[in-house]
Amino acid sequence: MQSQPRIDSHQHFWRLSRGDYGWLTPALGPIHRDFEPADLAPHLTEHDIAATILVQAAPTEAETRFLLDIAARTPFVAGVVGWADFEAPDAPARIAALAVDPLLVGLRPMVQDIPDPHWLARPELAPAFAALNEHGLVFDALVKPPQIPALLALLARETQLPVVIDHGAKPDLTEPDLTGADLAEWRDGIAALAARPNTACKLSGLVTEAGPDWSDATLAPAVAHLVACFGPERLLWGSDWPVATLRAAYGDWLAAARRLTATLTEPERAALFGGNAERLYLAKRGRNPANPVSGGSSSRS
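Predicted model, so just to flag it, every value in this text is computed and none were measured. Per chain, residues are indexed from 1 in the order of the written sequence. Only residues with pLDDT of at least 70 get local features here, since the model is predicted, and only at 80 or more are side-chain atom pairs given and counted; chain-wide, interface and lining totals rely on the full set of residues. Based on all heavy atoms of the structure, the side-chain values leave hydrogens and waters out of the count.

Draft legend 1. Broad picture of the overall build of the protein. When helices and strands are tallied, the protein shows 9 helices and 8 strands. A principal-axis box enclosing the C-alpha atoms of the protein has dimensions of 45 × 45 × 45 Å. For each residue, the accessible area found with a 1.4 Å probe, counting protein chains only, is set against the maximum for its type, and the residue is called buried under 20%, exposed over 50%, and partly exposed in between. When each of the 301 residues of the protein is scored for burial, the buried share is 55%. A separation of at least 24 residues holds for 78% of the contacts in the protein among residues at least 6 apart in sequence. In short, Shrake-Rupley with a 1.4 Å probe defines the accessible areas, and a residue's cover is counted only from the protein chains shown. In the structure as shown, the protein presents an accessible area of about 11800 Å², 55% of it carried by carbon and sulfur atoms. Helix and strand assignments come from DSSP, with helices taken as H or I runs of at least 4 residues and strands as E runs of at least 2, each series counted from the N terminus. Whether two residues are in contact is decided by their heavy atoms, any of which lying within 4.5 Å being enough.

Draft legend 2. Inspection of the sheet that holds strand β1 (residues 6–11) at higher detail. Spatial ordering of the open sheet is given by β1-β2-β3-β4-β5-β6-β7-β8, a layout of 8 strands whose pairing is parallel. Only two strands of the sheet have a single partner each, and these edge strands are β1 and β8 (235–237). Each strand of the sheet is rotated relative to its neighbour by a mean of 30°, with strand direction disregarded. Here, strands pair whenever DSSP counts at least two bridges between them. Strand direction decides the pairing type here: β1 and strand β2 (residues 49–55), joined by 4 bridges, are parallel. Looking across to β2, one finds that Ile 7 is bridged to Ala 51. Lines fitted to C-alpha atoms define the axes here, with helix axes fitted over just the stretch in contact, and angles between the N-to-C directions of these axes take values from 0 to 180 degrees.

Draft legend 3. Layout of the side chain of Glu 63. Along the polypeptide, Glu 63 turns up in helix α2 (residues 61–73). As used throughout, the charge tally considers Lys and Arg to be positive and Asp and Glu to be negative, leaving His and the chain termini uncounted. Put simply, a salt bridge is a Lys or Arg side-chain nitrogen that is within 4 Å of an Asp or Glu carboxyl oxygen. Put simply, Glu 63 is tucked away with no salt bridge, and the nearest opposite charge, on Arg 18, sits 5.1 Å away. In this structure the side chain of Glu 63 is engaged in a polar contact, spanning 3.0 Å, whose partner is the backbone nitrogen of Ala 57. Sequence-distant contacts of Glu 63, defined by excluding residues within four places in its chain, comprise Phe 13, Arg 18, Asp 20, Tyr 21, Gln 56, Ala 57 and Ala 58. In protein, a polar contact means a hydrogen-donor-capable atom and an acceptor-capable atom, both N or O and within 3.5 Å, with residues adjacent in sequence counting only if both atoms are side-chain atoms; elsewhere, any N or O pair within 3.5 Å suffices.

Draft legend 4. Representation of the packing of helix α5 (residues 148–157) against helix α6 (residues 184–194) in the model. At a minimum axis separation of 10 Å, α5 and α6 run at an interaxial angle of 10°. With respect to each other, α5 and α6 are oriented roughly parallel. Along this stretch, α5 crosses α6, giving a crossing that reads as left-handed. Between α5, through Ile 148, Leu 151, Leu 152 and Leu 155, and α6, the contact on the second element is made entirely by Gly 189, Ala 192 and Leu 193. Within the contact of α5 with α6, the residues separate by chemical class into 6 nonpolar, 1 polar and no charged. Oblique is the label for any angle not covered by the other classes, which are roughly parallel (under 35 degrees), roughly antiparallel (over 145) and roughly perpendicular (65 to 115). Left-handed describes a crossing whose near helix is turned anticlockwise from the far helix through less than a right angle; right-handed describes the clockwise counterpart. Residue polarity is assigned by list, with Asp, Glu, Lys and Arg as charged and Ala, Val, Leu, Ile, Met, Phe, Trp, Tyr, Cys and Pro as nonpolar; anything else, Gly included, falls into the polar class.

Draft legend 5. Expanded view of the pattern of salt bridges. Counted under the stated rule, the structure contains 13 salt bridges. A salt bridge links Lys 202 to Asp 140, with the nearest nitrogen and oxygen atoms 2.8 Å apart. You can see Lys 202 sitting in strand β7 (residues 199–203) and its partner Asp 140 sitting in strand β5 (residues 138–141), a full 62 residues away along the chain. Judged by relative accessible area, which is 0%, Lys 202 ranks as buried. Note that Arg 269 is salt-bridged to Glu 266, the shortest N-O span being 3.4 Å. Of this pair, Arg 269 and Glu 266 both sit in helix α9 (residues 266–282), 3 residues apart, which is roughly one turn of the helix. Accessibility expressed as a relative area gives 11% for Arg 269, which makes it buried. Classification of Glu 266 as exposed rests on a relative accessible area of 51%.

Draft legend 6. Fine view of the confidence of the model for the protein. What pLDDT expresses is the predictor's confidence in each residue, scored from 0 to 100. The share of residues in the protein with pLDDT of 70 or more is 91%, and the mean pLDDT across the chain is 93. In this model, residues 292–297 is a region of pLDDT below 50 whose contacts with residues beyond four sequence positions or in other chains number 17 contacts.

Draft legend 7. Examining the nonpolar core more closely. For this analysis, a nonpolar core means a set of buried residues of the types Ala, Val, Leu, Ile, Met, Phe, Trp, Tyr and Cys, connected via side-chain atoms within 4.5 Å. With 84 residues, the main nonpolar core has Phe 86, Leu 120, Phe 139, Leu 151 and Trp 253 as its most contacted residues. Other than its neighbours up to four places away in sequence, Leu 151 contacts Leu 120, Phe 139, Ala 141, Val 143, Val 163, Ile 165 and Leu 193. Counting residues in hydrophobic clusters, the runner-up holds 15 residues, among them Ala 51, Val 81, Ala 277 and Leu 280.

Here it is, written out as structure tokens:
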């Protein structure tokens, strides 16, 4: 019986000369440079990662098309989570145009950077979310705890929309005690999000929410809470490479995630480290869920 291939559900590429990465400044030091497939490929080979989901890093449709072009030329990229302007009057048409490419598997507004914490609850965004549903796309929710109430309001309306919460909704892991009152908002919010059956969550990005001296013990309470709330059938491991390299090498975060989920059964871990990404991102777009690197009809040179 063929084993479940490992899939990295969250990684980035960027080319600084494109000029639309407002957050990516020289202050970020080692990641303020270009990152392209040749930089990631050795890590995937070393750690037996069969495929990845490539996620947007700039709030432009031009970057989404840039990523789709990379995906078409890169066999290990199984799908792209891009960006569209959800506030545009013609948002449904824009989303439909992007969705013509079968390598597009989802969309992600950069909600954490939007000043209005209630933005996701705005009723005028409903046509954009309807278009996601119509085209079989996942909504990646890049939120922090203050934006969870608006995401819950969206989920109350969009009961059929598949929603994947990025980076565990970014708890502040610099706090010495995750069970303390300062993180009660996050814990309660995660439990409420997990109660919605159309949600899943990425086990990703946690090391960058911790301090530079993080350890398994730093991450363990957050990971345990995510596993308890979502269960292994609705969690997806992602590297958040190269952003996570500000705190950990690719293999170090993967090894930590495997240690922190060691109590799960092998089938449960196979789902968390690959199967859930196939099911949530690839199957609905007509990709081959048994072989993510060979599905789809977009040409690859």
